[in-house]
Amino acid sequence: MGAPSPELCNLWLARAFNAQDVEAAAAMYHPDASIVQVDAVHGGTKVARGADGIRKTMAAYIGLKPHMDVVTHHTTVAGDFAMTRSQWLIKGVDKHGQPTEVHHHGMEVHRRLPDGTWVFFMDHPFGADPSWAVAAPPHTE
């Protein structure tokens, strides 16, 4: 199950989170996809790969009983691939029953499936966070 365009992938993922539907969230990813896990949700940063890794990653988010708001700021399409930049906010409940919020600026690569729908292929949920920015890159020799 993919979205009809790469611009809608983030929205469709948010709707799956808001419905607390692990299978719908996992179905938004290519079977060979990779996703960087978020410390605040997964207890560390590592890369999850493949269908099982994606499903476990989505289950951790759904475990927050989340409400996700998202906006896609930019989309570039090249053939069967697209790159998006998103900003998202998840409000939920942590494992201790306390309210929690996770907010990041993501970078995503999407892939068009043979049926014409789009799914996530590479997902870095905090890959465009402003905290990574520098005033100017260092001098290159």
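Residues numbered from 1 in each chain as written. Predicted model: local features only at pLDDT ≥ 70, side-chain atom pairs only at ≥ 80, totals over all residues. Heavy atoms only, no water.

What follows deals with the sheet that holds strand S1 (residues 29–36). Sheets are built from strands paired through backbone hydrogen bonds, the pairs being either parallel or antiparallel. An order of S2-S1-S6-S5-S4-S3 is seen for the six strands of this open sheet, with the pairing classed as mixed. Pairing within the sheet leaves two strands with one partner each, and these edge strands are strand S2 (47–49) and strand S3 (67–78). Taken over all neighbouring pairs, the strand axes of this sheet differ in orientation by 25° on average, direction set aside. In the sheet, strand S5 (residues 99–112) pairs with strand S6 (residues 118–124) via six bridges, with the strands oriented antiparallel. Bridge assignment links Val109 to a residue of S6, and that residue is Met122. (Pairing = 2+ DSSP bridges. Helix = DSSP H or I, 4+ residues; strand = E, 2+ residues; numbered from the N terminus. Axes fitted to C-alpha atoms, helices over the stretch in contact; angles between N-to-C directions.)

Ranked by internal contacts, the top residues of the largest apolar core, which has 30 residues, are Leu13, Phe17, Tyr29, Met58 and Tyr61. Listed by contribution, the elements that provide at least two residues to this core are helix H1 (9–18), helix H2 (22–26), S1, helix H4 (50–62), strand S4 (81–93) and S6. If near-sequence neighbours (up to four positions away) are discounted, Phe17 is found in contact with Ala25, Met58, Tyr61, Ile62, Pro66, Met68 and Ile90. (Core = buried A, V, L, I, M, F, W, Y, C linked by side-chain atoms within 4.5 Å. Buried < 20%, exposed > 50% of the residue type's maximum accessible area, 1.4 Å probe, protein only. Contact = heavy atoms within 4.5 Å.)

On to the side chain of Gln37, then. Assignment of secondary structure puts Gln37 in the loop between S1 and helix H3 (39–42). Polar contacts involving the side chain of Gln37 include one to the side chain of Thr57, which spans 2.8 Å. When near neighbours in sequence (up to four residues on either side) are disregarded, Gln37 contacts His42, Gly44, Thr45, Lys46, Ala48, Thr57 and Phe126. (Polar contact = N/O pair within 3.5 Å; in protein donor to acceptor, adjacent residues only side chain to side chain.)

Here we come to the pattern of salt bridges. Per the stated rule, a full pass over the model turns up two salt bridges. Here Glu23 and Arg55 are joined by a salt bridge, their closest N and O atoms 3.1 Å apart. Separated by 32 residues along the polypeptide, Glu23 in helix H2 and Arg55 in helix H4 bring together distant segments of the chain. Given the relative accessible area of 46%, Glu23 is considered partly exposed. A salt bridge links Asp80 to Arg112; the nearest nitrogen and oxygen atoms lie 2.9 Å apart. Of the two residues, Asp80 is situated in the loop between S3 and S4 and Arg112 in strand S5; the sequence distance between them amounts to 32 residues. (Salt bridge = Lys/Arg side-chain N within 4 Å of Asp/Glu carboxyl O.)

What follows is about the environment of His73. The residue His73 is located in strand S3 in this model. In this structure the C-alpha to C-alpha distance between His73 and Gly92, which are 19 residues apart in sequence, comes to 24 Å. Among all residues touching His73, those that are not within four sequence positions of it are Arg85, Ser86 and Gln87. Among the polar contacts made by the side chain of His73, one reaches the side chain of Gln87 at a distance of 2.9 Å.

It is worth spelling out the UniProt feature "domain: SnoaL-like" (unreviewed entry) in the protein chain at this point. Here the UniProt feature "domain: SnoaL-like" (unreviewed entry) sits at residues 15–119. With 25% helix and 50% strand, the stretch residues 15–119 has end C-alpha atoms that lie 14 Å from each other. (UniProt positions renumbered as here; feature names shortened; annotations may be inferred.)

Here we come to the packing of aromatic side chains. Ring pairs (aromatic) are described by centroid distance and by the angle formed between their planes. Considering all chains together, one arrives at five aromatic pairs under this definition. On the basis of an interplanar angle of 70° and a centroid distance of 5.9 Å, the ring pair of Phe81 and Phe121 is categorised as edge-to-face. On the criterion of sequence distance, the pair formed by Phe81 in strand S4 and Phe121 in strand S6 is long-range, its members being 40 residues apart. Here a set of aromatic residues connected by ring pairs shows up, and it is made of Phe17, Tyr61 and Trp88. When the ring centre of Phe121 is taken as origin, the NZ or CZ atom of Arg111, which lies over that ring, is 5.1 Å away. (Phe/Tyr/Trp six-rings, centres within 6.5 Å; stacked < 30°, edge-to-face > 60°. Lys NZ or Arg CZ within 6 Å of the ring centre and 35° of its normal.)

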